[in-house]
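Take a look at the letters that make up each chain.
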Amino acid sequence: ISFTDLVNESYKRISEVDGEIKAFLTLNQEEALREAKALDEKGVSEDAPLYGMPIGIKDNIVTKGLRTTCSSQLLANFEPMHDATVIHKIKDQQGIIIGKLNMDEFAMGSSNENSGFQVTRNPWDLDRVPGGSSGGSAASVAAGEVLFALGSDTGGSIRQPASFCGVVGMKPTYGRVSRFGLVAFASSLDQIGPITRTVEDNAYLMQAISGHDKYDSTSANVDVPDFASNLTGDIKGLKIAVPKEYLGEGVDPAIKDSVITALKQLEALGATWEEVSLPYSKYAVAAYYIIASSEASANLARFDGVRYGVRAEADNLLEMYKKTRSEGFGDEVKRRIMLGTFALSSGYYDAYYKKAQQVRTLIKQDFEKVFEKYDVIVGPTTPTPAFKIGEKIDDPLTMYANDILTIPVNLAGVPAISVPCGLVNGLPAGLQIIGKPFDEGTIYRTAHAYE
Ligand code: GLN
């Protein structure tokens, strides 16, 4: 099969199913086919695992000349002037960008229902959400439209949709992957990561996008190991911690069962597991919504109708700002900006933002303590399988509570993967494997042995 055939297959599948799934916002067909043809003419398949592979990109990662909307009406016409570092890296390996994928507006949400354009559907059940915010990325891989996708994860946005759609999603250690060109939501939490069908593919895309970047001051200057070298199947002697908070109240009993079954399989492969506690994780959602909303309120100030995207008509500058932002942002984005602005305002800073940062430190210490004795932490990715479209959208607090098992990981800055772990009532469940900082290798080793 030629690269042109492969890329054509991807677009053929999109034309067959995306009318229903609605994962893609923008296609890159002409350019993708031009690139595939060039690779066919070169006639070599170099030793780069992504060479000629069809890849979908979440629409908050900037792509030169290719519309990048963050699923916001405010950026409906925005064509970036440069590529994000991760896009450069994919192009260096001759990966082929198929198009841009739907998400919750500015990555705020857990269902894709907050997109300013369309609601992506879960390929397993079209009445259900694909998860979010990287719902388009997870659905496109699950529906066989692309083999690889990039998502971003601030509080669970790679792992939760991966879990809901039955695919593999990795949230790297904070600083492992450059955020240059990722439209910022909460800068101290955001990470780009790979969503794929298999753990092996995941390790390849992760390899391609990792590494220090001088354009991102929070990017870590640490060596990137060969992730694929961990795919040995050998986990003899691996020490697993299972937090009791992750199998407690509020977690669907059928989800618990699927995790217990997974733990037995890991045990049969030579690993051991013990129950531990992450006592401060119960405060994670509350702390997250203060920290993430505060950072978002500052980051989204740049969308003023002057520098990027759509500009509303008005008589004077202040009116123009107001009208652009009132018309351009959706309800959830406005809710977060107001919450964040309030939490950062003088007189409230100590009570909310500072307190939340203190809680964040306690949560990080919970993880550090467990990792003194154990190699990985294992639990479910989400408390329930994919919920119905419309089920939670009118109740933000219930929606926020869905991220209770993924958010502590972002606050601590550690890496975690979600791998498929059986079906619950015909819907995929996800096993979350959390690792030590910069030890994605052990996560891949565990996930691959389990898979
Ligand atoms: N669902 C969470 C939120 O709405 C996480 C989103 C994300 O990870 N980008 O903030």
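Since the model is a prediction, treat every value here as computed from it, not as a measurement.

Colleague: With reference to specific residues and values, describe the UniProt feature "active site" (unreviewed entry) in the chain.
Modeller: UniProt's entry tags Lys58, Ser133 and Ser157 with the feature "active site" (unreviewed entry), counted in the numbering of this structure. Across 100 residues of sequence, these annotated residues stay compact in space, with a maximum C-alpha separation of 10.9 Å. In the annotated group above, the largest cavity draws its lining from Ser157. By secondary structure assignment, the location of Lys58 is in strand S2 (residues 54–58). The contacts of Lys58, once residues within four sequence positions are left out, are Lys100, Leu101, Met103, Ala107, Ser133, Ser134, Ser137, Leu150, Gly151, Ser152 and Ser157. Relative to the helices and strands, Ser133 resides in the loop between strand S3 (96–101) and helix H4 (135–142). Accessibility expressed as a relative area gives 0% for Ser133, which makes it buried. Apart from residues no more than four positions distant in its own chain, Ser133 is found in contact with Lys58, Asn102, Met103, Asp104, Ala107, Met108, Gly109, Asn112, Ser152 and Ser157. Here Lys58 takes part through its side chain, which lies 2.8 Å from a polar atom of the side chain of Ser133.

Colleague: Give me the lowdown on the nonpolar core, citing residues and values where you can.
Modeller: Judged by nonpolar contacts, the single largest core of 103 residues is most densely connected at Phe106 and Phe367. Tallying contributions element by element places helix H8 (residues 284–299) first for this core, with nine residues. When sequence neighbours within four positions are dropped, the list of residues in contact with Phe367 reads Tyr246, Leu278, Ile377, Pro408, Val409, Ala412, Val414 and Ile434. Residues Leu39, Ala138, Val141 and Cys165 belong to the second largest nonpolar core, which totals 28 residues.

Colleague: Got a sec to walk through empty space enclosed by the protein? Specific residues and values, please.
Modeller: A complete count under the given rule lists one cavity of 30 Å³ or more for this structure. The calculated volume of the largest cavity comes to roughly 80 Å³. As for the largest cavity, its lining consists of 14 residues, of which Ala107, Gly109, Ser157, Tyr288 and Asp403 are closest to the centre.

Colleague: Residue-level account of the sheet that holds strand S6 (residues 191–196), with values.
Modeller: Ordered in space as S1-S3-S2-S4-S6-S5-S10-S11-S9-S7-S8, the 11 strands form an open sheet in which the pairing is mixed. Since the sheet does not close on itself, it has two edges, and those belong to strand S1 (24–27) and strand S8 (272–276), each with one partner. Each neighbouring strand pair of the sheet contributes to a mean axis angle of 30°, computed without reference to strand direction. As defined by bridge partners, strand S5 (residues 168–171) adjoins S6 across two bridges and the pair is classed as antiparallel. Within S6, the position partnered with Val168 by the bridge is Thr196. Helix H1 (residues 3–21) rests against S1, S2 and S3 of the sheet, and its axis sits at about 20° to S3. The strands that helix H2 (residues 29–42) touches are S1 and S3; relative to S3, the one it contacts most, it runs at about 160°.

Colleague: Describe the environment of Ala412, with residues and values.
Modeller: By the secondary structure assignment, Ala412 is in helix H13 (residues 407–412). Measuring from C-alpha to C-alpha, the distance between Ala412 and Thr173 comes to 9.3 Å, with 239 residues separating the pair along the chain. With residues near it in sequence (within four places) discarded, Ala412 still touches Lys364 and Phe367.

Colleague: Explain the environment of Lys239 to me, and be specific about the residues and the numbers.
Modeller: Mapped onto the elements, Lys239 comes out in strand S7 (residues 239–243). Overall, the relative accessible area of 43% leaves Lys239 in the partly exposed class. In sequence terms Lys239 and Leu278 are 39 residues apart; their C-alpha atoms lie 17 Å from each other. Discounting chain neighbours no more than four positions away, the residues touching Lys239 are Thr272, Lys373, Tyr374, Asp375 and Val376.

Colleague: Kindly report on the site of the ligand, identifying the contributing residues and their values.
Modeller: Gly155, Ser157, Tyr288, Arg336 and Asp403 are the nearest of the 15 residues found near the ligand. In the environment of the ligand, an oxygen atom lies 2.8 Å from a nitrogen or oxygen atom belonging to the backbone of Gly109. Within the backbone of Gly156, a nitrogen or oxygen atom sits 3.3 Å from an oxygen atom of the ligand. Here the ligand has 300 Å² of accessible area as a free molecule, and 99% of this is covered by the chains.

Colleague: How would you summarise helix H14 (residues 440–450) if you had to cite specific residues and measurements?
Modeller: Every α-helix carries 3.6 residues per turn, so stepping three or four residues along brings you back to the same face. Across the 11 residues of H14, nine count as buried, placing the element largely inside the fold. Among the residues of H14, Glu440, Gly441, Thr442, Ile443, Tyr444, Thr446, Ala447, Ala449 and Tyr450 are the ones counted as buried.

Colleague: I'd love a proper account of the layout of surface pockets, names of residues and values included.
Modeller: In this structure, the largest pocket spans a volume of roughly 460 Å³. Forming the boundary of the largest pocket are 21 residues, of which His82, Gly181, Leu182, Val183 and Tyr308 lie nearest the centre. Of the residues belonging to the lining of the largest pocket, the class tally is 12 nonpolar, five polar and four charged. For the second largest pocket, the lining is made up of 18 residues, of which Glu245, Glu249, Val251, Ile404 and Leu405 are closest to its centre. Of the residues that constitute the lining of the second largest pocket, the class distribution is seven nonpolar, seven polar and four charged.

Cut-offs and rules
Residues numbered from 1 in each chain as written. Predicted model: local features only at pLDDT ≥ 70, side-chain atom pairs only at ≥ 80, totals over all residues. Heavy atoms only, no water. UniProt positions renumbered as here; feature names shortened; annotations may be inferred. 1 Å grid on protein atoms, 1.4 Å probe; cavity = no way out; pocket = protein on both sides within 12 Å on 5 of 7 lines; lining within 4 Å. Helix = DSSP H or I, 4+ residues; strand = E, 2+ residues; numbered from the N terminus. Contact = heavy atoms within 4.5 Å. Buried < 20%, exposed > 50% of the residue type's maximum accessible area, 1.4 Å probe, protein only. Polar contact = N/O pair within 3.5 Å; in protein donor to acceptor, adjacent residues only side chain to side chain. Core = buried A, V, L, I, M, F, W, Y, C linked by side-chain atoms within 4.5 Å. Points joined across faces, edges and corners; volume = space filled by probe spheres on them. Pairing = 2+ DSSP bridges. Axes fitted to C-alpha atoms, helices over the stretch in contact; angles between N-to-C directions. Near = heavy atom within 4 Å. Areas by Shrake-Rupley, 256 points an atom, 1.4 Å probe, with all protein chains shown as cover. Nonpolar A, V, L, I, M, F, W, Y, C, P; charged D, E, K, R; others polar.

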